Amino acid sequence: MLVDHFFRHESGKMVSVLTKIFGSQNVDLAEDVVQDSLIEAMEYWQYHDVPDNPSAWLFRVAKNKALNIIHREKYKRQYSNEAAYLLSSGEQSEPADPFSEREIQDDQLRMIFTCCHPSISADSQVALSLKTLCGFSIPEIARAFLTTETNINKRLVRARQMIRDEKIPFEVPKGKDLELRIQAVLETIYLLFNEAYSATKGNDVIRFELCQEAIRLAQMLENENTIKQKGDIFALLSLMFLNTSRFRARQDQEGNLLTMGEQNRLLWDRKLQASGFEYLQKATENTVTGTYYILAAISANYCLAPDYNSTNWENILTLYDCLVEMDHSPVVLLNRAIVLSKITGAQKGLLELERIKNEPQIRTYHLFHSTQAEFFIELGEFEMAISSLIVAAKWAPLESIRVLLKKKISYCKEKISCDSSF
Amino acid sequence: MLLIRNEGDGKSALSPEQQQKFLNDCMVYIQNLIKDGKLKGAQPLVREGKMISGRPGAFKDGPYNESKEIIVGYYHIIAKDMDEAITIAKGNPEFSYIKGARIEVRPIKTVEESTSFVYPKGE
């Protein structure tokens, strides 16, 4: 039996190695060769047992296919120097065999930096990373992100085009450049993670796996010796582990998103949580204070509370104050307002919301309006709550959220009719 | 003899995840057949080949069947009768994963019924 995700991860490895051989401008060719190799393996193994070393078998097939293509299309395409080398070395394994464990690992790292190059748009970076590094198919990516296959395909085409046009090299940047580019890579990984984690519909199994893939990519960076400053990597890993530990508790049976207060804490995965705390410790030792670190610390505070009411709101507010200094975005301020209201009451929360209500991205953000409604409900101002809920329903991205909001509206109406009957 | 027929390139539509699931199901399928002593041999067939037709002196390549369906592999199984062979064929993972998959079940002729002639085993 093959280990979990064998095909996906082998595919990621092989695309990376072949991209080095063909050159980053030919990443699509690498993907095609890998797809062919996987099918060939499948067609053969279907009738026999899987060989003892399936990975080596796959790589041999891929190598032969690569050689054939280079021979056949020698004059049609531009290849990297590696291609000429592979061609001359033929079948013998040389000291710098491109298919050795060490080289494969390096190539995957190069692939990360190529996929997450800042000239490629963010959504294309995510799509390309999932396709090439994680071995997800286009339909799988589309399902996970609730979009169409055409859409994902467009993002991939744009990404590959950008790699060709900008001549983005297949390499890990060095020196000062490396520090900057790591930030870009971490951003993509975090985006990938968030897209997978926060979507409320779509295939749950796939989305959980996407979260794990984001963790795996970050761990590739963690394991790289040439990267000296790893504080942010540890912090992001901590954040992702802590959030993933709550994955199964975030939804009820019908797939409705549950707030932290509604979650059954027995469903929290303590093993994942432990890894999260370990990474948080490592990040602390590296004296990082970046955004990921603070977000991880906030998440850790939630994880530590035995129940919602004993959450340490003062701690979390302090962390939000730090976060606001780094990231003044209205969404952060919105979250801070919720925490503040836990300590000083809903009235204060409402005042905070007043300060951001005219921000363009907030006006159309359903969570802003539903938060406002919650504050009004707490204060017993049900008429006001209803008008906020109506706006929230207008901007809610999913039917399931609208259903919940409508339930809240009828709840408020009941309250009003109860009051007036006295 | 179970002849596996696919329409075109059915397997390329599978994601790496499905490819692996398919393969793991196949492993279970094969191992069960081996365990029960029911598998004699199995092989994939290369998709591209030659079709020879014509007559001596005027051979030609083709014509190919108009349909895109081709035999992509076979399982040589031992079954006591047609019903058992059909049951085994129905259990093949092809049906769960490959769109338009078909399996042709053909007994190998071992006894000529009209004359009771027993054919020599081709081994």
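Below, the structure is looked at part by part. Computed from a predicted structure; not experimentally measured.

Calculation notes
- Each chain has its residues counted from 1, following the order in which its sequence is written.
- Ligands are numbered from 1 and chains lettered from A, in the order in which they are written.
- Totals for whole chains, interfaces and linings use every residue, but because this is a predicted model, local features are given only for residues with pLDDT of at least 70 and side-chain atom pairs only at 80 or more, for both listing and counting.
- Excluded from the side-chain calculations are hydrogens and water; all other atoms, namely the structure's heavy atoms, are used.
- Contact between two residues is taken to exist if any of their heavy atoms lie within 4.5 Å; hydrogens are not considered.
- Each of two parts loses accessible area, computed with a 1.4 Å probe, when they are put together; buried area is these two losses added.
- Salt bridge criterion: a side-chain nitrogen from Lys or Arg within 4 Å of a carboxyl oxygen from Asp or Glu.
- Helix numbers and strand numbers start at the N terminus; a helix is a DSSP run of H or I with at least 4 residues, a strand a run of E with at least 2.
- Being paired, for any two strands, means DSSP has found at least two bridges between them.
- Here, axes are lines fitted to C-alpha atoms. For helices the fit covers the stretch in contact, and angles between N-to-C directions go from 0 to 180 degrees.
- Multiplying one less than the number of residues by 1.5 Å gives the expected span of a helix.
- When a residue's accessible area, from a 1.4 Å probe over protein chains only, is under 20% of the maximum for its type it is buried; when over 50% it is exposed; and in between it is partly exposed.

### Looking at the interface of chain A and chain B
Interfaces are frequently sized by the accessible area removed from exposure as the parts join. Facing 24 residues of chain A, the contacting portion of chain B comprises 26 residues. Across the interface of chain A and chain B, roughly 2200 Å² is buried in total on both sides, 58% from carbon and sulfur atoms. Our enumeration of links across chain A and chain B arrives at 3 salt bridges. Notably, a salt bridge pairs Glu-43 of chain A with Arg-47 of chain B, separated by 2.9 Å at the nearest N-O pair. The element that contributes the greatest number of residues to the side of chain A that touches chain B is helix α2 (residues 27-45) of chain A, accounting for 7 residues.

### A look at the sheet that holds strand β2 (residues 39-44) of chain B
Residues and elements named next belong to chain B. Spatially, β2-β5-β1-β6 is the arrangement adopted by the 4 strands of the open sheet, whose pairing is antiparallel. The sheet is open, and its two edges are formed by β2 and β6 (102-105), each paired on a single side. Averaged over all neighbouring strand pairs, the angle between strand axes comes to 25°, with direction disregarded. Across the sheet, helix α2 (residues 82-90) lies against β1 (2-7), β5 (69-77) and β6, angled at about 160° from β6, the strand it touches most.

### As for helix α1 (residues 6-22) of chain A
The α-helix advances 3.6 residues per turn, and as a result positions three or four apart in sequence lie on the same side. Residue and element names in this part refer to chain A. Over its 17 residues, α1 runs 24 Å from end to end, which matches the ideal 24 Å to within 8%, given 1.5 Å per residue. The element α1 is extensively covered by neighbouring structure, given that 16 of its 17 residues are classed as buried. Note on α1: the residue one or two positions beyond its end, Gly-23, has a positive phi of about 95°.

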